[in-house]
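Here is what each chain is made of, one letter per residue.
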Amino acid sequence: MFATELVIFDCDGVLVDSESIVCRILAEEMNKLGMQTTAEELDEQFSGRPARDCLLEIETRYGGPLPDQYFGNTERRIREAFHAELEPIAGIEDLLDHLLQLNVRSCVASSGSHEKMRLTLNKTGLYDYFDGRIFSAEDVSRGKPWPDLFLHAAQSMGVEPQHCLVVEDSIAGVKAAVAAGMPVIGYSTHVVRTPQLQHEGARVVGDLMAVLNFL
């Protein structure tokens, strides 16, 4: 019997390689409005956080409500890029297949919207792994770094927090898992991000199959 009864996956950056796409387009659209930034800066600032929180910070930087065309252009470009470029994170399908063989349950708990996850998970062929077990920050009043989303996912799945294992790639996500009382694996291939995740309490792996070592 495994100590881990449920593996809770973040979506962006753990299941699908979407964050670099989103940050690149956000930066380009912000620069058009005179807000000088880079994809790397936005990744550092916004990774793992709910979209509504990120939007508030962008509006603060802009000095008020963003022009209507910002939303339309950004959403259109992100969707087009997802359809053209989006891929699953390397190794995730093998890991999910192994979890099925071991009869260890899994679910998704992401800051992204349900609509966005339907798009990204279907595009990458991962949706069927999680159908009916997908939880969004839309489902709770407070998103990451608060623990609410992970606790909601665990409760919905009927598993106590101490028997969950969270797989995250963001500082906000690791903080949320620690606050929920759940052990957390940080997935990172970035030299800078790795010590940051470790500092927040994650055991870091650079290969998703290594998650099996912590069940």
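Structural data are supplied above this passage.
Here is what the cut-offs are and how they apply
Residues numbered from 1 in each chain as written. Predicted model: local features only at pLDDT ≥ 70, side-chain atom pairs only at ≥ 80, totals over all residues. Heavy atoms only, no water. Phe/Tyr/Trp six-rings, centres within 6.5 Å; stacked < 30°, edge-to-face > 60°. Buried < 20%, exposed > 50% of the residue type's maximum accessible area, 1.4 Å probe, protein only. Lys NZ or Arg CZ within 6 Å of the ring centre and 35° of its normal. Salt bridge = Lys/Arg side-chain N within 4 Å of Asp/Glu carboxyl O. Helix = DSSP H or I, 4+ residues; strand = E, 2+ residues; numbered from the N terminus. Core = buried A, V, L, I, M, F, W, Y, C linked by side-chain atoms within 4.5 Å. Contact = heavy atoms within 4.5 Å.

Q: Would you mind going over the packing of aromatic side chains in detail, with residue names and values included?
A: Under the criterion given, the structure shown has three aromatic pairs. Judged by centre distance (5.7 Å) and plane angle (85 degrees), the rings of Tyr70 and Phe71 are edge-to-face. Residue Tyr70 is classed as buried on the basis of its relative accessible area, which comes to 5%. Relative accessible area serves as the criterion here: at 34%, Phe71 is assigned to the partly exposed category. Through a chain of ring-to-ring contacts, three or more aromatic side chains come together here, namely Phe9, Tyr129 and Phe130. Arg142 extends its terminal NZ or CZ atom over the ring of Trp146, reaching a point 4.0 Å from the ring centre.

Q: I'd like to hear about the pattern of salt bridges, residue by residue, with values.
A: Side-chain pairs of opposite charge can arise whenever the charged atoms involved come near each other. Here the structure, examined in full by the defined rule, presents 13 salt bridges. In this structure, Arg61 engages Glu41 in a salt bridge whose closest nitrogen and oxygen atoms are separated by 3.3 Å. Separated by 20 residues along the polypeptide, Arg61 in helix 3 (residues 51-62) and Glu41 in helix 2 (residues 39-46) bring together distant segments of the chain. On the basis of relative accessible area, Glu41 is assigned to the partly exposed category, the value being 33%. The salt bridge partner of Arg79 is Glu115, with a shortest N-O separation of 2.6 Å. Note that Arg79 is positioned in helix 4 (residues 68-85) and Glu115 in helix 6 (residues 114-123), a separation of 36 residues in sequence.

Q: Outline the nonpolar core, listing residues and values.
A: Core analysis: the largest hydrophobic core is formed by 48 residues, its most contacted members being Phe9, Leu15 and Leu121. Looking at which element gives the most residues to this core, the answer is helix 1 (residues 19-32), with seven residues. Once you skip the residues sitting within four places of it in the chain, Leu15 turns out to touch Phe9, Asp10, Pro88, Ile89, Ile92, Val108, Leu121, Leu126 and Phe130. Counting residues in each nonpolar core, the second largest holds 22 residues, with Leu149, Ala153, Met157 and Val159 among its members.

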